[in-house]
Amino acid sequence: MTELLYMKNIEGNYIREFDATVVKSGDDYVVLDRSAFYPEGGGQPSDTGIIEWQGRKTDVVKVTKKGIIKHIISGEKPAEGEEVHGVINWDMRYAHMKMHTAQHIISGVVYDMYRARTVGNQIHAEYSRVDFHPVNFSADDLRKIEERCNDIIRKRAPVRIYEESRSSLEQRVNEERCNLDLLPRSITTLRIVEIEGFDVCPCAGTHVRNTGEIPPITILKKEGKGKERERIVYKLG
Ligand SMILES: [Zn+2]
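Quick look at the structure, then. None of the values given here were measured: they were computed from a predicted structure.

## Things to note about the sheet that holds strand β3 (residues 29-32)
Stage number 1. Ordered by their spatial adjacency, six strands build a closed barrel running β2-β3-β7-β6-β5-β8, and the pairing between neighbours is antiparallel. Going from strand to strand, the sheet's axes swing by 45° on average, the running direction of each strand aside.
Stage number 2. When β3 meets strand β7 (residues 68-74), the two strands line up antiparallel, connected through two bridges. Counterpart to V30 in the pairing with β7 is H71.

Below, the structure written as structure tokens:
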């Protein structure tokens, strides 16, 4: 098991460098006892960066989580038991954090205004997308969504991350907004991302500590994705 340093609280999302021990050295990957690298999943791309040890350095090109957290390495690998120092590519990660919190804001606003749920999303550093169903946005709707989202950004709302039991969360949030009904029943403890005063949602991604860190959201366009299914494409700034 790898301890993921960004999971526990919002401050962990700002850890850019860390020390760890290699617990497994595979063909093209290493497993660490702890890591600040985000493995791809939940619509957020993997972090990249470097791992250093004993004056040597190698690139982490991707991080995956299929059962175990694998740091995919190009080039030389540290051996099992080696103590290493990891550095994540912060510019890209921070862009993903801002985009991901922005996605939660958009999803929350669209649910509040249209009762349409989020049925897909993909974060990128430059632009991102969220899919909604059932809905059919007009140009005026998109303007209203953008306005309300940017209101939340301007209000500098704090973002918190914590654990909560599923039964407790079920009593205070809307299942559809959170896609709670789609999570396997076997999951009983959830990692919550809360935008204070606006949104509560289970999520394993990385986020900013205050909505004020996010540049204004610009909705670039909408795309039809089937019957009453619509995609919003947005950028920041
Ligand atoms: Zn999320």
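## Some words on helix α2 (residues 139-154)
Stage number 1. For α2, with 16 residues, the first-to-last C-alpha span of 23 Å sits near the 22 Å given by 1.5 Å per residue.
Stage number 2. The complete set of buried residues in α2 reads D141, L142, I145, C149, N150, I152 and I153. Buried residues in α2, looked at end-on, bunch into an arc of 160°, giving them a common side. Opposite the buried face of α2, by more than 90 degrees, sit the exposed residues R143, E147 and R154.
Stage number 3. The inward-facing, buried residues of α2 abut α1 (90-114), β12 (189-195), β14 (217-224) and β15 (230-236).

## So, the environment of I105
Stage number 1. Structurally, the position occupied by I105 is in helix α1.
Stage number 2. A residue is classified by how much of its surface remains accessible, and I105, at 3% relative accessible area, is buried.
Stage number 3. For the pair I105 and R148, spaced 43 residues apart in sequence, the C-alpha to C-alpha distance is 9.2 Å.
Stage number 4. In contact with I105, not counting residues within four places along its chain, are C149, I152, I153, I195, T211 and I214.

## Description of the side chain of S128
Stage number 1. Mapped onto the secondary structure, S128 falls in strand β10 (residues 128-133).
Stage number 2. Of note is the side chain of S128, whose polar atom sits 3.2 Å from the backbone nitrogen of H124.
Stage number 3. Ignoring sequence-local partners within four residues, the contact set of S128 consists of M99, Q122, I123, I232, V233 and Y234.

## A few points about the environment of V87
Stage number 1. As for its placement among the helices and strands, V87 is situated in strand β8 (residues 83-88).
Stage number 2. Beyond its immediate chain neighbours, meaning those up to four positions away, V87 contacts R16, E17, F37, T48, G49, I50 and E52.

## Comments concerning the nonpolar core
Stage number 1. Within the largest apolar cluster, 53 residues are counted, with the highest numbers of intra-cluster contacts made by I106, F132, I145, I217 and Y234.
Stage number 2. At eight residues, α1 tops the list of elements feeding residues into this core.
Stage number 3. Two domains each provide a minimum of three residues to this core, namely domain 1 (3-88) and domain 2 (93-236).

## Things to note about the pattern of salt bridges
Side chains that differ in sign of charge can pair as their charged atoms come close.
Stage number 1. Tallied over the full model, the rule gives 21 salt bridges.
Stage number 2. D131 is paired through a salt bridge with R229; the nearest N and O atoms lie 3.4 Å apart. Highlighted residues: D131 in strand β10 and R229 in the loop between β14 and β15, separated in sequence by 98 residues.
Stage number 3. Residue D131 is classed as buried on the basis of its relative accessible area, which comes to 2%.
Stage number 4. Take R229: its relative accessible area is 29%, and that puts it in the partly exposed class.
Stage number 5. Here R177 and D199 are joined by a salt bridge, their closest N and O atoms 2.7 Å apart. In this pair, R177 sits in helix α4 (residues 175-178) while D199 sits in strand β13 (residues 199-202), placing the two residues 22 residues apart along the sequence.
Stage number 6. On the accessibility criterion, R177 (9% relative accessible area) is buried.
Stage number 7. We classify D199 as buried; its relative accessible area is 7%.

Conventions we followed
Residues numbered from 1 in each chain as written. Predicted model: local features only at pLDDT ≥ 70, side-chain atom pairs only at ≥ 80, totals over all residues. Heavy atoms only, no water. Pairing = 2+ DSSP bridges. Helix = DSSP H or I, 4+ residues; strand = E, 2+ residues; numbered from the N terminus. Axes fitted to C-alpha atoms, helices over the stretch in contact; angles between N-to-C directions. Expected span 1.5 Å × (residues − 1). Buried < 20%, exposed > 50% of the residue type's maximum accessible area, 1.4 Å probe, protein only. Arc of directions from axis to C-beta. Contact = heavy atoms within 4.5 Å. Polar contact = N/O pair within 3.5 Å; in protein donor to acceptor, adjacent residues only side chain to side chain. Core = buried A, V, L, I, M, F, W, Y, C linked by side-chain atoms within 4.5 Å. Domains from an automatic or database assignment. Salt bridge = Lys/Arg side-chain N within 4 Å of Asp/Glu carboxyl O.

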